[in-house]
Amino acid sequence: MFKRMVVQLLCIALLNLGSPLVAQAGLIGTLQAVEADTRAQDLATVNATLARDQVREQFMALGVEPAEVESRLAALTDSELRMLAGQVAEAPAGADALAVIGIVFLVLLILEAVGVIDIFKKFP
Amino acid sequence: MRAGRAASLAASAATLALCGCATQGPLLAPADPGALPPRAELVETPFFPQRDYQCGPAALATVLAAAGVTVPADDLVAEVYLPGRRGSLQAELIGAIRRRGLLPYVVPPSGQSLLEQVAAGRPVLVLQKTGAGPWPGWHYAVVVGYDTLEDRVVLRSGTEARLEVSAARFLATWDRAGRWALVVVVPGELPADPDFARYMQAAAGLEATGRSDAAERAYEAATRAWPTAALPQLGLANLAFARGDLAGAEQGFRAAIERAPGDAAARNNRATLLLALGCPLAARREIAMAAALADAGPHEAAVAATRRDIEAATGPDAAGCPPDPAPAHSLP
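Please read these numbers as outputs of a predicted model, since none were measured by experiment. (Residues numbered from 1 in each chain as written. Chains lettered and ligands numbered in written order. Predicted model: local features only at pLDDT ≥ 70, side-chain atom pairs only at ≥ 80, totals over all residues.)

**Let's talk about the overall build of chain A**
No. 1: Per the secondary structure count, chain A includes six helices and one strand.
No. 2: Going from the N terminus to the C terminus, chain A shows its helices and strands as α-α-α-α-α-β-α.
No. 3: Here chain A holds 124 residues, and the buried ones make up 27% of them.
No. 4: Taking as baseline every contact in chain A between residues at least 6 positions apart, the subset at least 24 positions apart corresponds to 65%. (Helix = DSSP H or I, 4+ residues; strand = E, 2+ residues; numbered from the N terminus. Buried ≥ 20, exposed ≤ 12 C-beta atoms within 10 Å, placed from the backbone. Contact = placed C-beta atoms within 7 Å.)

**Overview of the overall build of chain B**
No. 1: The helix and strand inventory of chain B stands at 13 helices and nine strands.
No. 2: Counting only residues that meet the buried cut, chain B has 47% of its 332 residues in that class.
No. 3: Look at the contacts in chain B between residues 6 or more apart in sequence, and 62% of them connect residues 24 or more apart.

**What to know about the interface of chain A and chain B**
No. 1: Facing the 38 residues of chain A at the interface are 56 residues of chain B.
No. 2: A total of seven residues in the side of chain A that touches chain B trace back to one element, the largest contributor, which is helix 2 (residues 30-38) of chain A.
No. 3: Per-class residue counts for the side of chain A that touches chain B are 22 nonpolar, 10 polar and six charged.
No. 4: Pairing of strand 1 (residues 93-94) of chain A with strand 3 (residues 87-89) of chain B, which is carried by two bridges, proceeds in the antiparallel orientation. Directly across from Gly94 of chain A, in strand 3 of chain B, lies its bridge partner Ser88 of chain B. (Nonpolar A, V, L, I, M, F, W, Y, C, P; charged D, E, K, R; others polar. Pairing = 2+ DSSP bridges.)

**What to know about the nonpolar core**
All names here are of chain B.
No. 1: Counting residues in each nonpolar core, the largest one holds 112 residues, and the members touching the most others are Leu60, Val124, Leu125 and Ala203.
No. 2: Of the residues forming this core, the biggest block, nine residues, is contributed by helix 2 (residues 55-66).
No. 3: Per-domain counts for this core show at least three residues from each of domain 1 (39-185) and domain 2 (228-312).
No. 4: With sequence-adjacent residues up to four places away left out, Leu125 is seen in contact with Ala59, Leu60, Val63, Leu93, Tyr140, Val142, Ala181 and Leu182. (Core = buried A, V, L, I, M, F, W, Y, C linked by C-beta atoms within 7 Å. Domains from an automatic or database assignment.)

**Observations regarding the pairing of strand 6 (residues 138-147) of chain B**
Looking along a regular strand, one sees side chains alternate from face to face of the sheet.
Residue and element names in this part refer to chain B.
No. 1: Most of strand 6 sits out of view: nine of its 10 residues are buried.
No. 2: Inspection of the sheet shows strand 1 (residues 39-41) paired to strand 6 by three bridges, in the antiparallel sense. Across the sheet, residue Glu41 finds its bridge partner in strand 6, namely Gly145.
No. 3: In terms of strand pairing, strand 5 (residues 124-129) meets strand 6 through six bridges, oriented antiparallel. Bridge pairing in strand 6 links Val126 to Ala141.
No. 4: Strand direction decides the pairing type here: strand 6 and strand 7 (residues 152-157), joined by five bridges, are antiparallel. Its bridge partner being in strand 7, Val142 is matched across the sheet by Arg156.

**With respect to unusual backbone geometry**
All names here are of chain B.
No. 1: A positive phi angle, close to 50°, is found at Arg86, a residue other than glycine.
No. 2: Topologically, Arg86 is positioned in the loop between strand 2 (81-82) and strand 3.
No. 3: Using a count of 17 C-beta atoms within 10 Å as the deciding quantity, one classes Arg86 as partly exposed.
No. 4: In this structure, Asp193 is a non-glycine residue whose phi angle is positive, near 45°.
No. 5: Accessibility expressed as a C-beta count within 10 Å gives 13 for Asp193, which makes it partly exposed.

**Some points on helix 4 (residues 90-99) of chain B**
Helical periodicity: at 3.6 residues per turn, an α-helix aligns residues three or four positions apart in one direction.
Residues and elements named next belong to chain B.
No. 1: Here helix 4 lies mainly inside the structure; nine of its 10 residues are buried.
No. 2: Listing the buried residues of helix 4 in full gives Gln90, Ala91, Glu92, Leu93, Ile94, Gly95, Ala96, Ile97 and Arg98.
No. 3: Looking at the residues trailing helix 4, positive phi occurs at Gly101, about 70°.

**Considerations on the confidence of the model for chain B**
Predicted coordinates in areas of low pLDDT are best not read in detail.
All names here are of chain B.
No. 1: Here chain B shows a mean pLDDT of 89. Residues at 70 or above account for 89%.
No. 2: A low-confidence stretch, residues 9-24 stays under pLDDT 50, and its non-local contacts, those more than four residues away or across chains, total zero contacts.
No. 3: If you check the scores for this complex, the pTM reads 0.81 and the ipTM reads 0.83. (pLDDT = per-residue confidence, 0-100.)

**A look at the confidence of the model for chain A**
Residue and element names in this part refer to chain A.
No. 1: Per-residue confidence for chain A gives a mean pLDDT of 73; residues scoring 70 or more make up 60%.
No. 2: Here helix 1 (residues 2-18) is the element of chain A with the lowest mean pLDDT, 51, and helix 4 (residues 66-74) is the one with the highest, 94.
No. 3: In this model, residues 10-22 is a region of pLDDT below 50 whose contacts with residues beyond four sequence positions or in other chains number 10 contacts.

**Some details on the sheet that holds strand 1 of chain A**
No. 1: Across the sheet, three strands lie side by side as 1(A)-3(B)-2(B); this open sheet has antiparallel pairing. Every interior strand has two partners, whereas the edge strands, strand 1 of chain A together with strand 2 of chain B, have only one.
No. 2: Contacts from helix 2 of chain B reach strand 1 of chain A together with strand 2 and strand 3 of chain B within the one sheet, and its direction differs from that of strand 3 of chain B by about 55°. (Axes fitted to C-alpha atoms, helices over the stretch in contact; angles between N-to-C directions.)

**A word on the packing of helix 9 (residues 231-242) of chain B against helix 10 (residues 246-259) of chain B**
The packing of two helices is summarised by the inter-axis angle and the distance between the axes.
All names here are of chain B.
No. 1: Contact geometry of helix 9 with helix 10 gives a least axis separation of 8 Å together with a crossing angle of 160°. On the basis of the axis angle, helix 9 is roughly antiparallel to helix 10. The chirality of how helix 9 crosses helix 10 is left-handed. Here Gln233, Leu234, Leu236, Ala237, Ala240 and Phe241 of helix 9 come into contact with helix 10, specifically with Gly248, Ala249, Gly252, Phe253, Ala255, Ala256 and Arg259. (Parallel < 35°, antiparallel > 145°, perpendicular 65-115°, else oblique. Left-handed = near helix turned anticlockwise from the far one by under 90°.)

Written out as structure tokens, the structure is:
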């Protein structure tokens, strides 16, 4: 019984380790002040906690090791999380995925246009 | 014969003139030629050849190593690679730099700014889009050199330790990717020709993710570079308050308010500090000022919440409460 409680407490403590500094009540964070000066506030309407949960879910779905998820989230600011929430699957992800399919398609199109092949039946 | 020759000469002159119109000047030539050395190459920059789709970790390892932190690219895979996307997100590269207590400075989107960083000795991590139109081909590489006379750029890219490409080719792929470029700065140092807002965003990002020591060094560098700016003072004061140094925090908030008497955030935070110092009456005066300044602004809700806390406090000020700073002359 006691052991179980300790384990549960430890789990909660571990979860908290991943989250950045808890904002002090009554203080406006430096980052908030910077962003108030530099960008439109429409982003701030999305709840930061909600955004963090969404990005966590997306990271899990995209195969990030569960042990790594929290520390990866902790390295991102609230506004970065808000921007990512809902679009982890679409945001640019540098990969060096050479546009191989694109090249193949282009070659086929050129061959078709000069009359070497005739595979695009539906097009005149 | 003579007339024919004259005509052909005129024709060649016209052709030459046309060519002159058609050829562009060197793309990398700076607007102010004295501002940049004509060529530079950071030959010492190490190279981490990428594995399948893992150009993000490889490019990141390259710029981290240039800032003095050697991490094998394989170790960075667990931090920035998204298996389901077969790639890495820009925000996560920034996060991985923060995790090492280094400052991720996003370079202004101009070729000149990019070259300035290289000339100052910092290799630049860039996002490229090699595919056209709907085809993806997002790719990270590191610019380590340039030659404005030959109009060429030198990259560490993919499996190429030294890839030389024409400026036109590089700029096209960089342009398609939104001209995103990043340098790693050791906190306390400044990037070449720093942009205040971009620099402060990077420094405050360190603070917001718990890298207080790195953030403090970055703010201190900012107070030297922009001595009249209020934000770096606010940052230092917030850090002092967070570690319980109330006297240091009071000094910092006061310095911010002196520089920007209309700064609602600095006044709000100073009011909270005054309450912590046992000075509820001084806190009331300060938060009233903040509320007037924050009206309909981005900090309105935060200031209103602070005001409720302060008005709930009763009693006289303790002995030794600090004097009020000068009022905001720019009050609306």
